[in-house]
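Residues per chain, in single letters:
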Amino acid sequence: MRGARGVAALTGSGVSAESGVPTFRDAQTGLWERFDPEELATPEAFLRDPKLVWEWYSWRRELVARAEPNPAHRALADLERRVPSFALITQNVDGLHRRAGSRNVIELHGNILRTVCSAERLPREPGEGAPPRCPRCGAPLRPDVVWFGEALPPGAMEAASEAARSCEVFLCVGTSGVVYPAAGLPREAAGAGALVVEVNPEPTPVTPLAAFALRGRAGELLPALVA
Ligand code: BV8
């Protein structure tokens, strides 16, 4: 990494795995393993059963609040301090990059620790259920995350694309590379001439784009890679 002027990193749930936060597509631990996140992380699920979805997010929020940043998060925060231009693009909603000290963080899919009024984004009122109500308008509150089928936060993808197109090195850490539009960023970076480096124990659709595919856990490989 030494000497690179512009670095961008795209992270997925694998970067938080060593903090004890379950990844999306590995088996969910405990109570929720019978639920498919792609089923629950949707506006339809919330409209159909707001209580179930709210409780799933409460369970995840408590788990995330107990988690600590791991050496992978800290290595990326350290790298940001040492290169002239650095952008961290994350699909994760756990807030662990900022807690590790990262500053220029683009949260493509929102943040589970924030809640917002559902009236601003949902076409109609969900059925009866547990979520607390918006103090202003009385509509149910929802987690401030992007569900499948929902648009990303305004400007987030534009900023991420700009970072991918202008960097010299594009790190792709702990993502299965299947969720769009985030999954299109490695190809965008490679197409603009960046050196793509993947950090993942498993091969993914990003692997063919990578100049270096480092097979291993982010918490072990990143500190050495960015030293
Ligand atoms: C949109 C927030 C349009 C919620 C999330 C068909 C084809 C292509 C695309 C689509 C399609 N049908 C629908 C779509 C679009 C859809 C999509 O891409 N679906 C996929 C599943 C096919 N995308 C959307 O709906 C997006 N919105 O397109 O809107 C639009 C435009 C205008 C107006 C209206 C609408 C919204 C997508 C965002 C969904 N929300 N999260 C929540 O968290 O509850 S996505 C969710 O998946 C998480 O954010 C997660 O981060 C993300 C991606 O998963 P990964 O992070 O990659 O995690 P995963 O478990 O898959 O992989 C972990 C990896 O880590 C593995 O590779 C593993 O090997 C590795 N690993 C494990 N341990 C370690 C490790 N690596 C390193 N170290 C370790 N220790």
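Keep in mind that what you see is a predicted model, and the values were worked out from it rather than measured.

**Section: the packing of helix α4 (residues 71-82) against helix α8 (residues 218-225)**
Next, step 1: Two elements in contact, α4 and α8, have axes separated by 7 Å at closest approach and are oriented at 25°. As far as their axial angle goes, α8 and α4 are roughly parallel. The element α4 and its partner α8 pack so that their crossing is left-handed. Contact residues: α4 offers P71, A72, A75 and L76, while α8 offers A218, G219, L222 and P223.
Next, step 2: A class-by-class count of the residues in the contact of α4 with α8 yields 7 nonpolar, 1 polar and no charged.

**Describing the pattern of salt bridges**
Next, step 1: This structure, assessed with the given rule, holds 14 salt bridges.
Next, step 2: Of the charged contacts, one joins R142 and E150 as a salt bridge, the two residues approaching to 2.8 Å between their closest N and O atoms.
Next, step 3: Its relative accessible area of 0% is what places R142 among the buried residues.
Next, step 4: Each of the salt bridges in this network shares a partner with another, and the network as a whole consists of R98, E107, R114, R121 and D144.

**Notes on the UniProt feature "binding site: Zn(2+)" (unreviewed entry) in the protein**
Next, step 1: Listed under "binding site: Zn(2+)" (unreviewed entry) in the UniProt record, and renumbered for this structure, are C117 and C134. For the residues just named, distributed over 18 residues, the greatest C-alpha separation is only 5.6 Å, placing them together at one site.
Next, step 2: On the secondary structure map, C117 appears in strand β4 (residues 110-117).
Next, step 3: Taking relative accessible area as the criterion, C117 reaches 7% and is therefore assigned buried.
Next, step 4: Tracing the backbone through its elements, the reader meets C134 in the loop between β4 and β5 (141-145).
Next, step 5: A relative accessible area of 5% places C134 in the buried class.
Next, step 6: With sequence-adjacent residues up to four places away left out, C134 is seen in contact with C117, A139 and L141.

Thresholds applied
- Residues numbered from 1 in each chain as written.
- Predicted model: local features only at pLDDT ≥ 70, side-chain atom pairs only at ≥ 80, totals over all residues.
- Heavy atoms only, no water.
- Axes fitted to C-alpha atoms, helices over the stretch in contact; angles between N-to-C directions.
- Helix = DSSP H or I, 4+ residues; strand = E, 2+ residues; numbered from the N terminus.
- Parallel < 35°, antiparallel > 145°, perpendicular 65-115°, else oblique.
- Left-handed = near helix turned anticlockwise from the far one by under 90°.
- Contact = heavy atoms within 4.5 Å.
- Nonpolar A, V, L, I, M, F, W, Y, C, P; charged D, E, K, R; others polar.
- Salt bridge = Lys/Arg side-chain N within 4 Å of Asp/Glu carboxyl O.
- Buried < 20%, exposed > 50% of the residue type's maximum accessible area, 1.4 Å probe, protein only.
- UniProt positions renumbered as here; feature names shortened; annotations may be inferred.

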